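Structural characterization, general
Residues per chain, in single letters:
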Amino acid sequence: MKEWARDYADNYLDQYSFLYIMGPFNQLPGSLVQELLQLLSESHRVSRTYLHLLLVPHLSALSLSGCSSIVSNAVAQLVGARCQSLTSLCLRDCKRVQPGVLVDLVELLPGLRSLDLSGSQCNTQVLSAVGSSCPALRELHVSNCRAVTSRGLLHLAFDPTRGCSTHSQLRRLAASNIDSRGGVDSVGPAAFLLLALPHLEHLDHSGLVEACTLISRLHFQTIDCFAAKEGFPSLSELVHSRAGEGVDGEASPVCLNLRQMSEVEAELLGTLTPVCGEVVEVSVLCGEELGSDWGLSLWKTLTHLTVQSTGVHSRPLRDLLLALEVLGPSLRLLTIQDFSLDDSLDPILSLCPNLRVLHCHLQPPATALHEDHEADDSTWAMELRLLHFRDLFLGFPPCSPGLTAQTCAGLQGTLASLLSGAPQVERVSLHGLPFSLDRVLCKALEGPGAPLCRLQHLSLAHSSVSMGTVLGLMDQGNQLSRLDLSGCQDIYRRDFDRLESLARERGYDLQITWS
């Protein structure tokens, strides 16, 4: 490859402009060419010469984000001329390509299904070209584009010059950190997109939650015709065209196709669930004033749930139990942030038998006092069987106070039971736990079958664990490839050196981190 590149650079690169280049890469499958380009990008070896040689006509997917600094107008024009079979194109952070060139490029790629222009010079003209020229597009990223505005996004759904819909098939639109000039109303444009793009499942936009609330109430008032002067229909017209008319000429309720929502205030759940009934992934912000049933159980389609306690005082874990009695069996991922630990982690796991991922960033109870406690075997008697469980994170903030003896004992027993009863677990992260993990891990390894046999990543950062327990885990016959012992005060430099030496002697492909 170096010989081809050197010959092309010396004799042709700046002297000629070739529409096509016949060479060895024309014989490779497009997926291999893209993989080669990715490897060159990761090793910072991509040059203009390599790009000229690797932009072959049969590419179906192309990502130039790894070499964005050398992607110029000329390179983008070359992509449009040579790679018109592309269905996926990533120009993330390719800031040198001017808007006019981006317009010409997307007009030459009608088969695109995925387009990433994040951090580029994308503007309203480019969005208009995308809306009119890429009917097959399913996924678009324009986050961090300084020239993109919320109103500019309307061109993806409606062509004001022709006065008709673009009939876009867009499913995912990422448009965060736009409207760089500030002072822009983002709710109206977000509502327009939700109503005018009937297939939209994911919208990453600052006005999403407020727009859904607005649509649920169907009272648009002064915001109704916010873009009429530019030739766009009103929100009321979109509602009628989407949902039709109900009794007495009133608009029928709209059912959006959204599958994901972020940072929803808990008190809005009752309002949003009727209009966003298909949501499968949501993050919810919980204040202090709400009761324990905050309407979360109404979202029976959820499989991915993130809940965060946002009040001055952390809510206890038991406040989740009522909602999880309904949602628990369907959940695959559960993330809990800033709730205070009580005795409810075991009931939460029992209510979620099909859980695959559990991430808990917890706060100690307000009354927590550190006590050295060695739990007797009666506290380890519980049994948890999560047959599909893959990923556990459990952590406390640095320098947080200790836990009561009872809370420590309960958490130790739950962890041991979970790790021994989850035969598919691959990732375990236990950070800053205020008790020794020796007995927990040893007890887990004594479980039935072959506990932790599929373990690949283990992080015990800022926790207490002995060298003997770590050696036992390495000897377990698992698939461990990463071991993080950062901040473990009972592991010393000599222990780290010994672990690395053993890994080399036994031929383990194991990366160990310690500090």
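A brief structural summary. (Residues numbered from 1 in each chain as written. Predicted model: local features only at pLDDT ≥ 70, side-chain atom pairs only at ≥ 80, totals over all residues. Heavy atoms only, no water.)

Here we take up the overall build of the protein chain. Scanning the protein chain for helices and strands turns up 16 helices and 18 strands. Taking all 515 residues of the protein chain together, the buried fraction comes to 50%. The contacts in the protein chain between residues at least 6 apart in sequence include a share of 71% that link residues at least 24 apart. Total accessible area on the protein chain is roughly 23,600 Å²; 49% of this is exposed by carbon and sulfur atoms. (Helix = DSSP H or I, 4+ residues; strand = E, 2+ residues; numbered from the N terminus. Buried < 20%, exposed > 50% of the residue type's maximum accessible area, 1.4 Å probe, protein only. Contact = heavy atoms within 4.5 Å. Areas by Shrake-Rupley, 256 points an atom, 1.4 Å probe, with all protein chains shown as cover.)

Ordered by their spatial adjacency, six strands build an open sheet running β1-β2-β3-β4-β7-β8, and the pairing between neighbours is parallel. Of all strands in the sheet, those with a lone pairing partner are β1 (61–63) and β8 (202–204), marking the two edges. Shown here is a sheet whose adjacent strand axes are inclined to one another by a mean of 5 degrees, direction ignored. As paired strands, strand β3 (residues 114–116) and strand β4 (residues 139–141) are joined by three bridges and run parallel to one another. Counted as the bridge partner of Asp116 is His141 from β4. (Pairing = 2+ DSSP bridges. Axes fitted to C-alpha atoms, helices over the stretch in contact; angles between N-to-C directions.)

A few words on the packing of aromatic side chains. Under the criterion given, the structure shown has four aromatic pairs. On the numbers, 5.7 Å between centres and 20 degrees between planes, the contact of Phe496 with Trp514 is stacked. Highlighted residues: Phe496 in helix α16 (residues 493–505) and Trp514 in the segment after β18 (511–513), separated in sequence by 18 residues. Look at Trp514 and you get partly exposed, because its relative accessible area is 23%. (Phe/Tyr/Trp six-rings, centres within 6.5 Å; stacked < 30°, edge-to-face > 60°.)

For the rest of this paragraph, the subject is the pattern of salt bridges. Here the structure, examined in full by the defined rule, presents nine salt bridges. Put simply, Arg162 and Asp159 hold a salt bridge, and the shortest N to O gap is 2.9 Å. Taking relative accessible area as the criterion, Asp159 reaches 11% and is therefore assigned buried. (Salt bridge = Lys/Arg side-chain N within 4 Å of Asp/Glu carboxyl O.)

This brings us to helix α5 (residues 99–107). By the burial criterion, the buried members of α5 are Pro99, Val101, Leu102, Val103, Leu105 and Val106. Buried positions along α5 lie against α4 (73–82), β2 (88–90), β3 and α6 (124–133).

As for its position among the elements, Ser41 is in helix α2 (residues 30–42). Assessed through its relative accessible area of 10%, Ser41 is described here as buried.

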